[in-house]
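Descriptive analysis of the structure
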Amino acid sequence: MIDLNLLRYQPNIIVQKLKNKGFVLNIENLQILQKQRKKLQLEVEQLRHCYKNLSKKIGKKLNTQYDLTVLKTQVLKIKKDLLIKNDELYHIQTEIKNLISYIPNIPDDTVPIGTEYTNNEIILVWGKIKKCSFKIQDHVALGKQINGFDWFSASKMSGSRFVVMKDKMALLYRAIGQFMLDTHTVNHGYLEINIPYLVNTESMYGTGQLPKFQQELFYVSTIHQRKKNNKYILIPTAEVPLTNLFRNTVLLEEEVPVMLTAYSPCFRAETLSYGQDTRGLIRMHQFDKVEIFHITVPEKSMDSLEKLTLHAEKILQLLELPYRKVLLCTGDLGFSATKTYDLEVWLPAQKRYREISSCSNMSDFQTRRIQAKYFQKETKKKIFLHTINGSGLAIGRTLAAILENYQCADGKIEIPKILRKKYMHGMKFLN
C-alpha cells in the first residue's frame, strides 16, 4: 500500500511517478473523499462524546425524582444519529480503501522512465552462446525425442498447460530444484522454509495480488466453505506465504535482515496471456519455483536487491546458461515493485532471451498492507520494513533452457557438470 503521507504532502510528484508507471490517479477524487472522511469522523466522535456524557447524567439521576424523559429522548436521538453517521463513515472508509488498493507502488528514482520493453536497460550480458552446426530443436521436441514429456496424458487429466514428466526428465527436474535450494541455503545463507500452498484472501491482499489480480488466481473451496463464502487460494508464488510470515509482526533491529527460501509449486490462471507461449514449459498453469526473499530495514533494501539478484544470477552461472540482466523501466514494473531486475536466459530455438527470474524491491508497499515493522532503537519508533523477493529460479524454464542449450547433434542432451555427480547419479547425458 502506498504511503498516504506522500499523497498528502507531495501529490504532484507522486501522481507523475504513478503516471510514469502507466497508472492515472484521480488525486482530486481521493482528496474529496479524505475530507469527507475527516468531517464524518469528527461528527462521530462528537456524537459519542455527547452520548457518553448524557448516559452518565442519566445514570446519576436514576434513583432520584428527576424526570428523565427529555434526557432519554436526547440519548435515543443521538444513538440513532450515531448509527447513521457510523454507517456513512464505514462506507466512505471502504471506498477509500478500495481506491487505495488499486494504486501501485511508485517507481524508484533510479528506474528508467519508459512505457515499453525497449525502454528497459540491459545491465549485463553473461555467457557465450553456442554455435551449432545442426538444426536447433526446441525443448518440447527434445523432450518428446527422449520420451521425457507426456503432454497428452496431462491434457487428459487436467487440460492444456500441464505436463507429465517421466524417468530421467523427472529426475533432472527434481535435481534442478534441489541444486537451487542447496546453493541458496549452503552457499548464500538462506533459511529454508516449507510453506502452505493454500492461503486466505488477507495473505493475497498483503502481497498485492488482491484485489487487482483476482482473475489470475485459482480459488479452492469445499462445499461447506462455499456456503460460508470462505475461499482458499492456491499460491501463485511462494512470495505470498513468505511475506505473510511477518504479518502483524514487530521485529527487533538486530533480527533483520531475514533471508528465506522456499521450493513450491505455483498456480496461475494466465488469463491475460491467451495465445502466448501456449507451447511448452514457458507459461504453465502449474510450475515449480525456488523463491528467495529478504526483509530488511529501509536504508539497506536497495543493497539487498543487488545481493538477492546476484544470488539468482549465480544459479545461471553455475549451470553455464547464457543470460542477461535487465533493469525494467517504469512502465514494465510490477504492481508492488519499486525497482526490478529481470534475468533473461538464452533460448536457442527462439533465438532470444526469455525471462527466468524477476528480482524486485517492494520497499514498504507490502509491509504497510501486512503491518510488518521493526523497532528502531535510536528513535524508539516502530518503522515499516522493506521486502525484496525474486525467483531463484523458475524450475520449468530452467529445464527448458538446459535442454535447448545443451542439445547435441546426435539428439542427446548433455547434463550440466554441476548437476552430474551429486544430483544425477553420475549421468552425463539424457538419451
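Numbers given for residues are sequential positions, taken from 1 along each chain in its written order. pLDDT decides what is reported in this predicted model: residues at 70 or higher carry local features, side-chain atom pairs at 80 or more are listed and counted, and totals for whole chains, interfaces and linings draw on all residues regardless. Remark: hydrogens and water are excluded; side-chain values derive from all non-hydrogen atoms of the structure.

1. Brief notes about the sheet that holds strand E10 (residues 286-296)
The pairing criterion is simple: DSSP has to find at least two bridges between the two strands. Comment: elements are numbered from the N terminus, with helices defined as DSSP H or I runs of at least four residues and strands as E runs of at least two. The eight strands are arranged E1-E11-E12-E13-E16-E10-E9-E4 in an open sheet whose pairing can be described as mixed. Lying at the two open borders of the sheet, with one neighbouring strand each, are strand E1 (121-126) and strand E4 (191-192). Strand direction decides the pairing type here: E1 and strand E11 (residues 323-327), joined by five bridges, are antiparallel. Pairing of Leu124 across the sheet is with Lys325, part of E11.

2. With respect to the pattern of salt bridges
If charged atoms from side chains of opposite charge come close, those side chains can pair. Any carboxyl oxygen of Asp or Glu within 4 Å of a side-chain nitrogen of Lys or Arg constitutes a salt bridge here. In total, this model carries 17 salt bridges according to the counting rule given. In this structure, Glu291 and Lys289 form a salt bridge, with 2.3 Å as the shortest nitrogen-oxygen distance. A salt bridge links Glu306 to Lys325; its shortest N-O distance comes to 3.8 Å. Of the two residues, Glu306 sits in helix H11 (residues 301-318) while Lys325 sits in strand E11, which places them 19 residues apart along the sequence. Burial classes: relative accessible area under 20% of the type maximum marks a residue as buried, over 50% as exposed, and values in between as partly exposed (1.4 Å probe, protein chains only). Using a relative accessible area of 27% as the deciding quantity, one classes Glu306 as partly exposed.

3. Comments concerning the nonpolar core
Residues belong to one nonpolar core when they are buried, are Ala, Val, Leu, Ile, Met, Phe, Trp, Tyr or Cys, and are joined through side-chain atoms within 4.5 Å. Leu399, Leu419, Met424 and Leu430 are the most contacted members of the largest nonpolar core, which totals 53 residues. Here the element with the most residues in this core is helix H7 (residues 167-187); it accounts for nine residues. Leave out the neighbours within four places in its chain, and Leu430 touches Ile146, Lys168, Met169, Leu172, Leu403, Lys412, Ile413, Ile415 and Met424. Counting residues in hydrophobic clusters, the runner-up holds 50 residues, among them Val44, Ile103, Tyr205 and Ile235. Contacts are assigned to residue pairs that have any heavy atoms within 4.5 Å of one another.

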